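Residue strings, one per chain:
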Amino acid sequence: MQELAGIAGYMHDIGNVISRCGHGQSAALIAMRLLKDMGTTPEETALIISAIGNHEEESGDPVNPVAAALILADKSDVHKTRARNRNISKDDIHYRVNSAAKRSFLKVIKDKRTISLQLIIDTRVSKVMEYFEIFISRMLMCKNAATYLNCTFELIINNRKLL
Ligand SMILES: [Fe+2]
């Protein structure tokens, strides 16, 4: 399962080669063909492509453990290394929030069945409220995915537990 989730992680955004719009579904179709060529079993392929097809905020659900893991990995991904495009204006909220995220770590506390997203945000670059403005729907997806895995999701920003 872990390896299938890793493969889904590598392939999940491949649909952007066609269009940003509906890239989860197009990625699933592209992945299906590639996985078939690589000899992946139908059962493994089904888990991977259903996870990929369910990773977008608009239509994604944690339909299986691989999908839940992919949602947690993708939707918790905020870090200054993502703010790469220097042509984007500093007025862009996504650029600011990503730039402000100095540390981002998804910690799995197995004994407590807790999945904890721990962020350090430089509030001189972006206020914590801005993080919520753009990431609240992603955090709700993470919460649902953690619940699917029979875990609790926590959000800790600057050492304060907010969820
Ligand atoms: Fe995506």
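Residues numbered from 1 in each chain as written. Predicted model: local features only at pLDDT ≥ 70, side-chain atom pairs only at ≥ 80, totals over all residues. Heavy atoms only, no water.

## Let's talk about the nonpolar core
- If you look at the biggest cluster of nonpolar residues, it comprises 25 residues, and the most contacted ones within it are Leu-119, Tyr-131, Phe-153 and Leu-155.
- Those elements that provide at least two residues to this core are helix 4 (65-75), helix 5 (93-100), strand 2 (114-121), helix 6 (128-148) and strand 3 (152-157).
- Sorting elements by how many residues they give to this core places helix 6 first, with nine residues.
- The next biggest cluster of nonpolar side chains, apart from the first, holds 15 residues, and it includes Met-11, Ala-27, Leu-35 and Ala-67. (Core = buried A, V, L, I, M, F, W, Y, C linked by side-chain atoms within 4.5 Å. Buried < 20%, exposed > 50% of the residue type's maximum accessible area, 1.4 Å probe, protein only. Helix = DSSP H or I, 4+ residues; strand = E, 2+ residues; numbered from the N terminus.)

## Let's talk about the coordination of the iron ion
- For the iron ion, every protein donor is listed as Asp-13 (OD), His-23 (NE2) and His-55 (NE2), and the spread of their distances is 2.1 to 2.2 Å.
- Site description for the iron ion: donor spacing in sequence, D-x9-H-x31-H. One end of the pair, Asp-13, is in the loop between helix 1 (2-11) and helix 2 (23-37); the other, His-23, is in helix 2, with 10 residues separating them in the sequence. (Donors = N, O, S within 2.8 Å, 3.2 Å for Na, K, Ca; no water.)

## As for the environment of Phe-132
- Looking at the secondary structure, you find Phe-132 in helix 6.
- Accessibility expressed as a relative area gives 18% for Phe-132, which makes it buried.
- Considering only alpha carbons, one finds Phe-132 and Val-97, 35 residues apart in sequence, at a separation of 9.6 Å.
- When near neighbours in sequence (up to four residues on either side) are disregarded, Phe-132 contacts Leu-155, Ile-157 and Leu-162. (Contact = heavy atoms within 4.5 Å.)

## Thoughts on the environment of Lys-127
- Tracing the sequence through the fold places Lys-127 in the loop between strand 2 and helix 6.
- Since its relative accessible area comes to 53%, Lys-127 is described here as exposed.
- Once the C-alpha coordinates of Lys-127 and Arg-96 are considered, the two residues, 31 residues apart in sequence, prove to be 9.2 Å apart.
- Looking at Lys-127, its side chain comes within polar contact range of the main-chain oxygen of Thr-123, at 3.1 Å. (Polar contact = N/O pair within 3.5 Å; in protein donor to acceptor, adjacent residues only side chain to side chain.)

## Some remarks on the sheet that holds strand 4 (residues 160-161)
- Within the open sheet, the four strands sit side by side as 1-2-3-4. Their pairing is mixed. Both outer strands of the open sheet, strand 1 (101-109) and strand 4, are each paired with one neighbouring strand and no more.
- Bridge count for strand 3 against strand 4 is two bridges, and the pairing is antiparallel. Paired with Ile-156 across the bridge in strand 4 is Lys-161.
- Its contacts with the sheet place helix 5 against strand 1 and strand 2, and it is angled at close to 70 degrees to strand 1. (Pairing = 2+ DSSP bridges. Axes fitted to C-alpha atoms, helices over the stretch in contact; angles between N-to-C directions.)

## Some words on the packing of helix 4 against helix 6
- The contact between helix 4 and helix 6 brings their axes to 9 Å, and the two run at 150 degrees. Classified by the interaxial angle, the pair formed by helix 4 and helix 6 is roughly antiparallel. In the packing of helix 4 onto helix 6, the handedness of the crossing is left-handed. Counting all contacts with helix 4, which are made through Pro-65, Ala-68, Ile-71, Leu-72 and Lys-75, the residues of helix 6 involved are Phe-135, Arg-138, Met-139, Met-141, Cys-142, Ala-145, Ala-146 and Tyr-148.
- For the contact of helix 4 with helix 6, the per-class residue count stands at 11 nonpolar, no polar and two charged. (Parallel < 35°, antiparallel > 145°, perpendicular 65-115°, else oblique. Left-handed = near helix turned anticlockwise from the far one by under 90°. Nonpolar A, V, L, I, M, F, W, Y, C, P; charged D, E, K, R; others polar.)

## Re a nonpolar patch on the surface
- A surface patch of nonpolar side chains, amounting to about 280 Å² of accessible area, comprises Ile-14, Leu-34 and Met-38.
- By the secondary structure assignment, Met-38 is in the loop between helix 2 and helix 3 (42-53). (Patch = residues over 30% accessible without salt bridge, like charges linked within 9 Å, V, L, I, M, F, W, Y side chains within 5 Å. Areas by Shrake-Rupley, 256 points an atom, 1.4 Å probe, with all protein chains shown as cover. Salt bridge = Lys/Arg side-chain N within 4 Å of Asp/Glu carboxyl O.)

## Thoughts on the confidence of the model for the chain
- For the chain, the mean per-residue pLDDT works out to 93, and 96% of the residues sit at or above 70.
- Within the chain, no element has a lower average pLDDT than helix 5, which sits at 88, and none a higher one than helix 3, at 98. (pLDDT = per-residue confidence, 0-100.)

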